[in-house]
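# An overview of the molecular structure
Here is what each chain is made of, one letter per residue.
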Amino acid sequence: MAERAEVVFVDGVRTPFGRAGDKGMYWNTRADDLVVKAIIGLMERNPGVPPDRIDDVAIAATTQTGDQGLTLGRTASLLAGLPKSVPGFAIDRMCAGAMTAVTMMGSSIGFGAYDLAIAGGVEHMGRHPMGFGADPNPRFLSERLVSEDALNMGATAERIHDRFPEYTKERSDRFALRSQQKVAAAYEAGNIQPDLIPVATRSESGWGLATRDEAPRPDTTLEGLATLRTPFRSHGRVTAGNASGLNDGASACLMASGATARELGLGVKMTMMSFAFAGVEPEVMGLGPVPSTEKALRKAGLSITDIGLFELNEAFAVQVISFLDHFGIDDEDPRVNEYGGAIALGHPLASSGVRLMNQLAHQFKSHPEVRYGLTAMCVGLGQGGSVIWENPHFNKKAAKR
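Reading guide: rules and limits
Residue positions are counted from 1 within each chain, in the order its sequence is given. Local features in this predicted model are restricted to residues whose pLDDT is 70 or higher, and side-chain atom pairs enter the listing and the counts only when it is 80 or higher, whereas totals over whole chains, interfaces and linings include all residues. Hydrogens and waters are ignored; side-chain quantities use all the structure's heavy atoms. Numbered from the N terminus, helices here are DSSP runs of H or I no shorter than four residues, and strands are runs of E no shorter than two. We compute the radius of gyration from the C-alpha atoms alone; for a globule the expected value is 2.2 Å times N to the 0.38, where N is the number of residues. Throughout this description, buried means an accessible area under 20% of the type-specific maximum (1.4 Å probe, protein chains only), exposed means over 50%, and partly exposed covers the range between. Any two residues whose heavy atoms approach within 4.5 Å are treated as being in contact. For every accessible area listed, the method is Shrake-Rupley and the probe measures 1.4 Å; residues are considered covered only by the protein chains on display. UniProt positions are given in the numbering used here, feature names are shortened, and annotations may be inferred rather than shown by experiment. By definition, two strands form a pair when at least two bridges between them are found by DSSP. By convention, a stacked pair of Phe, Tyr or Trp rings (six-membered ring in the case of Trp) has centres within 6.5 Å and planes under 30 degrees apart, an edge-to-face pair has planes over 60 apart, and any other such pair is tilted. Put simply, a charge is over a ring when the Lys NZ or the Arg CZ is close to the ring centre, within 6 Å, and near the line of the ring normal, within 35 degrees. The nonpolar core is taken to be a set of buried Ala, Val, Leu, Ile, Met, Phe, Trp, Tyr and Cys residues, with the residues joined through side-chain atoms within 4.5 Å. By definition here, a salt bridge exists when the distance from a side-chain nitrogen of Lys or Arg to a carboxyl oxygen of Asp or Glu is within 4 Å. Inter-axis angles, ranging from 0 to 180 degrees, are taken between N-to-C directions of lines fitted to C-alpha atoms, where helices are fitted over the stretch in contact. Oblique is the label for any angle not covered by the other classes, which are roughly parallel (under 35 degrees), roughly antiparallel (over 145) and roughly perpendicular (65 to 115). For any helix crossing, the convention is left-handed if the near helix is rotated counterclockwise from the far helix by under a right angle, and right-handed if that rotation is clockwise. Classes in brief: Ala, Val, Leu, Ile, Met, Phe, Trp, Tyr, Cys and Pro nonpolar; Asp, Glu, Lys and Arg charged; the others, Gly included, polar.

A count of helices and strands for the chain gives 13 helices and twelve strands. A compact globule built from 401 residues should have a C-alpha radius of gyration of about 21 Å, and the chain, at 20 Å, falls within 12% of that. Each of the three principal axes of the chain carries a C-alpha extent, and together these read 60 × 55 × 50 Å. Taken over 401 residues, the chain has a buried fraction of 58%. By sequence separation, contacts in the chain at least 24 residues apart represent 79% of the contacts at least 6 residues apart. A total of about 16700 Å² of accessible surface is found on the chain, and carbon and sulfur atoms cover 52% of it.

Next comes the structure, spelled out in structure tokens:
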């Protein structure tokens, strides 16, 4: 059997993330138009890519209905102006939708079936709240396959607090504050803007242009976080301040084989080394990235000490803290979420995986001493997803300094 092909991340983009609901900047914007804008922006940034060479388009969405349904990969491809010969499909793994789209396209490239592919995700949580219209099988509860809490993501975060009393609300709030501060610093340094594709918006006051994420609150304080209510449980520990919000947004990236990237003269931002998904008890779904990361490390022949940069999705602060504690990493370790995370930026479910990859790729460029990085996230109903990447800018001399 032939060796697998080298799989590379050529480029990734996203729309600015908006707040969900009628006050959010995308309330009058269609979900499919968000991902179409991301694909158009991705192609415009990579003019060396012949559109007819793209083998497939995989676009994820969690709630696949209305303007977020109808085989998004194919419809978005057509609407973005790609040749009609380019196929596409939709995919769903809740929060890890875009991550799964990337790993599926990466697998197809590694197998040798594809040379170039687009992967991404979209979530318009204002128009399509998570689980809206879904009809969970009553056997889940009647046969006690899961607890009722397992179907409520905030309640699963509270259960992690229950299981690990050392993960206090104060600790979660401090982590959340740092996320807000790091996002503000990243914006100030111009580290977020390069990956954003502006989107035209429409409201009662007229047309506008979305160029920045809408959710960050740089004026956040610990004192303010301490006063927020706990909506998932009376006297609980999970608040709107130490969890990601409800958001709208889309992302897209270009994956290629190493040989095709060299043939077309494309830049390479990262090389995919391994990936893994794993299941855990749905009641504590936030623990999912622990076994998926252990599995991905085994497959890559690496240990956690080999990972020099971490991009961990901040669905809830306690969920990231549980990952860090398991692997013996300090809450304030500078390798973790250098540009901040979803607590500040937002988490439009199926689109977030590519945001993590964009941020890691940008950090790789400024960290030649780092060889390997990790993108990881928890997934609803008790799953975790992890992808290990290699830095093409790695410099052994820089690593020894």
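More follows now that the structure is in view.
The next thing to look at is the UniProt feature "domain: Thiolase N-terminal" (unreviewed entry) in the chain. As annotated in UniProt, the feature "domain: Thiolase N-terminal" (unreviewed entry) corresponds to residues 7–257 in the numbering used here. Helix makes up 31% of residues 7–257 and strand 20%. Its end C-alpha atoms lie 5 Å apart.

What follows covers the pairing of strand S9 (residues 270–279). Within a regular beta strand, the side chains point alternately toward one face of the sheet and then the other, so they alternate between its two faces. Counting buried residues along S9, seven of its ten residues qualify, which places the element largely inside the surrounding structure. Looking at chain direction, strand S1 (residues 7–14) and S9 are connected through two bridges and run antiparallel. Note that in S9 the partner of Phe9 across the bridge is Met270. Bridge count for S9 against strand S12 (residues 383–390) is eight bridges, and the pairing is antiparallel. In the strand pairing of S12, Phe277 is matched with Gly385.

Time to look at the packing of aromatic side chains. Applying the stated rule across the entire model yields five aromatic pairs. Between the aromatic rings of Phe323 and Phe327, the centroid separation amounts to 4.8 Å while the plane-to-plane angle is 55 degrees, which identifies the pairing as tilted. Here Phe323 and Phe327 have matching classes, each one buried. Taken together, the ring pairs connect Phe310, Phe323 and Phe327 into an aromatic cluster. The ring of Phe277 is capped by Arg93, whose NZ or CZ atom sits 3.8 Å from the centre of that ring.

Core analysis: the largest hydrophobic core is formed by 39 residues, its most contacted members being Ile307, Phe310, Leu312, Phe316, Phe323, Leu324 and Leu374. Once residues lying within four places of it in the same chain are set aside, the contact partners of Ile307 are Leu297, Arg335, Tyr372, Gly373, Leu374 and Ile388.

So, on to the pattern of salt bridges. Under the counting rule described, the total for this entry stands at 19 salt bridges. In this structure, Glu263 engages Arg53 in a salt bridge whose closest nitrogen and oxygen atoms are separated by 3.2 Å. Note that Glu263 is positioned in helix H8 (residues 258–264) and Arg53 in the loop between helix H1 (31–45) and strand S3 (56–60), a separation of 210 residues in sequence. Owing to a relative accessible area of 26%, Arg53 belongs among the partly exposed residues under this scheme. Asp173 serves as the salt-bridge partner of Lys169, at 2.8 Å between the closest nitrogen and oxygen. Separated by four residues within a single helix, Lys169 and Asp173 lie in helix H6 (residues 169–188), roughly one turn from each other. If you follow the salt bridges from partner to partner, you end up with Asp11, Arg45, Asp195 and Lys269 in one network.

Burial analysis of S12 places seven of its eight residues in the buried class, which makes it a mostly covered element. Two strands pair when backbone bridges link them, and strand S11 (residues 372–379) and S12 are joined in this way by eight bridges, in the antiparallel orientation. Across the sheet, Met377 pairs through a bridge with Gly385, a residue of S12. Counted between consecutive antiparallel strands, the loop separating S11 from S12 contains three residues, among which Leu381 sits at a positive phi close to 65 degrees.

With respect to the element layout, Asn46 can be found in the loop between H1 and S3. You can call Asn46 buried: its relative accessible area is 11%.

If you trace the backbone, Ile197 turns up in the loop between H6 and strand S6 (199–203). Under the relative-accessibility criterion, Ile197 is labelled buried at 10%. Considered as a pair, Ile197 and Pro218 are 21 residues apart in the sequence and their alpha carbons are 22 Å apart. The residues touching Ile197, leaving out its near neighbours within four places in the chain, are Val13, Arg14, Thr15, Pro16, Lys37, Gly41 and Arg45.

With that out of the way, let us pick up unusual backbone geometry. Phi at Leu70 is positive, roughly 65 degrees, even though this residue is not glycine. Assignment of secondary structure puts Leu70 in the loop between S3 and helix H2 (72–79). Of note in the backbone geometry, Leu381 takes a positive phi value of approximately 65 degrees without being a glycine. Tracing the chain through its elements places Leu381 in the loop between S11 and S12.

Here H1 crosses H2 at 60 degrees, and the two axes come no closer than 9 Å. Classified by the interaxial angle, the pair formed by H1 and H2 is oblique. Two packed elements cross with a definite hand, and for H1 against H2 that hand is right-handed. Residue-level contacts link Asp32, Val35, Val36 and Ile39 of H1 to Leu72, Ala76 and Leu79 of H2. Partitioned by chemical class, the residues of the contact of H1 with H2 number six nonpolar, no polar and one charged.

What follows covers helix H5 (residues 153–163). A large share of H5 lies buried, amounting to eight of its eleven residues. Burial in H5 covers these residues: Met153, Gly154, Ala155, Thr156, Ala157, Glu158, Ile160 and His161. Looking at the buried positions of H5, the neighbouring elements they touch are H6 and helix H10 (317–326).

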